[in-house]
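# Descriptive analysis of the structure
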Amino acid sequence: MPISSIAIACSLLYSAPAAAQAEPQAEEAAVTGDIVVTARKREESLLSTPIAIAAMPAEEIGQRGIISLTDLIDATPGINVTGNNSGRNDRSFQQISLRGFTPSTTDSTLTATFIDGVPVSSASAMNSITDPARVEVLKGPQNAYFGRNAFAGAVNVVNKTPKDEFGGNMSAAIFNRDGYDVQAAIEGPIAPGILSFRLSGRAMQRGGSYRNGANPNERLGDQSTRTATGMLLFTPSESLTIKAFGLYSKDNDGASAQGMLSAYEVRSNNGATNIPALSGNTNGKIIVPGLSNCTLNGVNPFICGAAPGLPAGFSPAQNTYIDPKTTAVLADGRFRPVSASDGVQGYGLKREYIHAHVNIDYEVGDTGLTLSSLTGVNHEKWSQMAELDNYDSSSLINTAATPTNGLLPYYNFPFAIERDNKDFSQELRASFDNGGMFSAMIGANYMDTKVKRDLLNVFGEAVLGLARSAGTASAPQRVQTKGIFGSVNIEPTDALEISLEGRYQQDKVFGYTGGLGATITPASAAENGVPAGTYAPLTQFFSKKYNNFMPRVIVNYKITPDIMAYASWAKAANVSIASFNARLFSGSAGEIAASQSLGLRGVTEPEKLTNYEIGVKGKAFDNKLIFALAAYYGEWKNQYNSRSVFFTDTSLNPPLTSTVTGIANSGQTNLKGVELDATILPYDGVSLTFSGAYNDTNIRAFADPAITRLTGITGDGFKGNKLPLTSQYSFAITPEFSGDIPGRDNATWFIRSDVNYKSRQFLDAANLTWIQGRTVVNGRVGVKLDNIGIEIFATNLLNNRRYTSIQQNTVQTPATPFGSLATRPYNYLIVGLPELRTFGIKGSVTF
């Protein structure tokens, strides 16, 4: 069942196990469709809230078997997620594309994520949530209420509030490939009527679906998560409510599951590299098949059209054996954003996440005035190492290795990425609603985000024997956000409501030097808008303030008591924490030259959006039809585009292949779409839910030197194309049947199927290469006997193997007498591999 208001009504009303666990209020809401959401910082009925919202309650999350952010988004039309970047496809980097708004870089988040309205440091942190009350997806710009990064929308996880009576639940699921998911929660009073608590925990393990061709004893895609949460609810009086929530989570994943599709053939000739396209001969055995079916820009072999299947026997394959030299490199904690003990000890991901927030609400007598405070902190640190060449290179001799220097004897390209993200946020607001014609809200917020990040060049140290130095450190990042926001709601009649909302926000972005410091000439300073001078390593030398006003106007009208129509207009702005391109000034001579070749400027400007939306939602035919229909049109200007290039840094000895990345305001796109949710409830125990989305993107301007170098396309050649990594068409269909088991009280059964489809996704703005659309079918059957439930389930029942994501990179090989592919245009594809068919059984108990 898709994640939508319609789905909630269907799932709670007709899912027997879920309904048995639901509170009476939730059951009543399901029957009427009046699900409560907090999209406008207050509790409202979903069907009367004039915003396109999707929501999924805890019962539905459990029934669908959703155990990750990817699972959640796969079930939701109109939204995509990718973890594919820089040669890896994992949970360290998860980028959300909502309504076609595809972020161009890991540092430019367009869909903000929250826990109980508190911003979290990254979308990947959402994987840490266990046993929430519901998840809300707010579509369209939400800057007026949620601030920075809510450019395309927002995802808000709402936690369960502790009850004033003892109770709890526990569930355990086991599935093939050694998978399991165990969750438990307990709640109750500490001081009845005044103080109560709720504790929850989770242990999840997913076995990878693919054997590593270069290390057959290893699976690719293993995931493991451990999470603990706690909440205290303090109600010393009827007017004062204090909620304190804390979360601790750890992820420990294996090597990620991705495949390689190369345009060039690579051979191993007695340990030496042979690239036939460069050498003109076919000596040696094939280790990377060439799959090129087109030549771009007259000279560049590439893979055009739908990405082909993986070459059998060659991919997926990663050299993930850990030798003593690599172990020593990873044990060295110098010049890293995370300590060696917190970093990875092998290939894969290691992450620790801590979140805490306190929410205080005080009702001022019978005035209708409520004063609120929301304070939150996040600390996420992660370390990930991937084998970036993505093929079995063990037959290629590492010429830098000798019997005495301990270097890896064969060629390999291991690279680690590490981050330490910290943020603090404080929001204060006053809300007024006495049930009259007028209601209003005014508030202020502050947020301070700090990021330490780096690339750990394991390749340079373990394969080439280069020494690590302080100069390799990347520039830190920081942004401070201050905002004043408010709304006025006017109801001149019982049927008409007018909402005026707005936020004035100031984002202060700081510029730091990298590990080599920086010397900025007057000419460069004038060109890039930064101060001239010489600056020490890892120091702040620049800051810029961006001031933006982001309004939204909504008019909604009740056509009948059960059907509401609305129209809205909004403006939004997005300021990236990476608004400053540090590599233009701070790095080796080769890094600076490579950054300049990308046409970057030192400072970028905010992205801007004007959005128009109309919609209608409600219920009809005695609640047998529940529906929501929305249409939107947006103009996205000053669009960030990520630019990157592999280069050989000849300023180092020996020369080292590396990469630089930056962002530029070089895009403009128009977006439009239609979204429909509909649930039909024809008979008791029968439901059919459909959700669908048409999300069209139309590029009006785009520029990227790397894509032009590959394809030859420039300027107007991109006009009319689609944005990458987003599906134009998507839908979800869920039929469900349920009933009582004859001859036994409090015994029910259900059977359901979920069919999810998302259409093709383009590789880049050239639209020459894409991955095909995917249809995933899941099934589940279960019984409920008193407070005990048993379910049997299957995910990806038809074993669809089509790719989930796609990126491009450059084939990495040792140098040859005829040259190297490292400095050539993009020439291979990294494709994300789906989880294959999974069968399992789940048991649950409530008390």
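Residues numbered from 1 in each chain as written. Predicted model: local features only at pLDDT ≥ 70, side-chain atom pairs only at ≥ 80, totals over all residues. Heavy atoms only, no water.

## Some thoughts on the packing of aromatic side chains
Think of a pair of aromatic rings as described by two things: how far the centres are apart, and how the planes are tilted against each other in angle. Test applied: Two aromatic rings, drawn from Phe, Tyr or Trp (for Trp, its six-membered ring), form a pair once their centres lie within 6.5 Å of each other, and the interplanar angle then sorts them: stacked below 30 degrees, edge-to-face above 60, tilted otherwise. Only DSSP runs of H or I with at least four residues qualify as helices, and only runs of E with at least two residues qualify as strands; both kinds are numbered from the N terminus onward. Accessibility here uses a 1.4 Å probe with only protein chains present; expressed as a share of the type maximum, an area under 20% marks a residue as buried, one over 50% as exposed, and anything in between as partly exposed.
One pass over the structure, following the stated rule, counts 20 aromatic pairs. Their ring planes at 65 degrees and their centres at 6.3 Å tell us that Phe175 and Phe793 sit as a pair that is edge-to-face. In this pair, Phe175 sits in strand E12 (residues 167–175) while Phe793 sits in strand E45 (residues 788–795), placing the two residues 618 residues apart along the sequence. Judged on exposure class, the residue Phe175 and its partner Phe793 are both buried. With a centroid separation of 5.9 Å and an interplanar angle of 80 degrees, the aromatic rings of Phe762 and Trp770 are classed as edge-to-face. Look at Phe762 and you get buried, because its relative accessible area is 9%. Taken together, the aromatic side chains of Tyr535, Phe541, Phe542, Phe580 and Phe585 make up a single cluster linked through ring pairs.

## Focus: the state of the cysteines
In a disulfide, the sulfur atoms of two cysteines are covalently bonded to one another. Spelled out, the test is: Here, two cysteine sulfur atoms that lie within 2.5 Å of each other are counted as a disulfide.
The final tally for this structure, using the stated rule, is one disulfide. In this model, Cys294 is linked to Cys304 through a disulfide, with the two sulfur atoms separated by 2.0 Å. As the torsion about the S-S bond is roughly 75 degrees, the Cys294-Cys304 disulfide counts as right-handed. Residue Cys294 is found in strand E23 (residues 294–296), and its partner Cys304 is found in the loop between strand E24 (300–302) and strand E25 (305–306); the two are separated by 10 residues along the sequence. The exposure classification of Cys294 matches that of Cys304, with both residues buried.

## Side note on the nonpolar core
The cut-off we apply is this: Here the nonpolar core consists of buried residues drawn from Ala, Val, Leu, Ile, Met, Phe, Trp, Tyr and Cys, with membership extended through side-chain atoms lying within 4.5 Å. Whether two residues are in contact is decided by their heavy atoms, any of which lying within 4.5 Å being enough.
With 55 residues, the main nonpolar core has Phe302, Val458 and Ile806 as its most contacted residues. Contacts of Phe302, omitting those with residues within four sequence positions, involve Ala263, Ser292, Asn293, Cys294, Leu296, Leu710, Leu763, Thr769, Gln808, Tyr826, Asn827 and Leu829. By size, the runner-up hydrophobic cluster in this structure holds 41 residues, among which are Ile79, Met126, Ala152 and Ala765.

## Some details on the sheet that holds strand E20 (residues 266–269)
Put simply, the rule reads: Think of it this way: DSSP has to see at least two bridges between two strands before they count as a pair. Helix axes use the C-alpha atoms of the stretch in contact, all axes being lines fitted to C-alpha atoms, and the angles between their N-to-C directions lie in the range 0 to 180 degrees.
Here we have three strands laid out as an open sheet, ordered E21-E20-E22, and antiparallel in their pairing. Since the sheet does not close on itself, it has two edges, and those belong to strand E21 (272–274) and strand E22 (285–288), each with one partner. Direction aside, the axes of adjacent strands within the sheet are offset by 40 degrees on average.

## Some thoughts on the sheet that holds strand E43 (residues 769–771)
Pairing between the strands of a sheet comes from backbone hydrogen bonds, and it takes one of two forms, parallel or antiparallel. Spatially, three strands are ordered E25-E43-E42 in an open sheet, and the strand pairing comes out mixed. The outermost strands of the open sheet, each flanked by one partner alone, are E25 and strand E42 (761–762). For E42 and E43, the ladder comprises two bridges, and the chain directions are antiparallel. Note on E43: the bridge partner recorded for Gln761 is Ile771.

What is shown is where atoms sit, not what they do.
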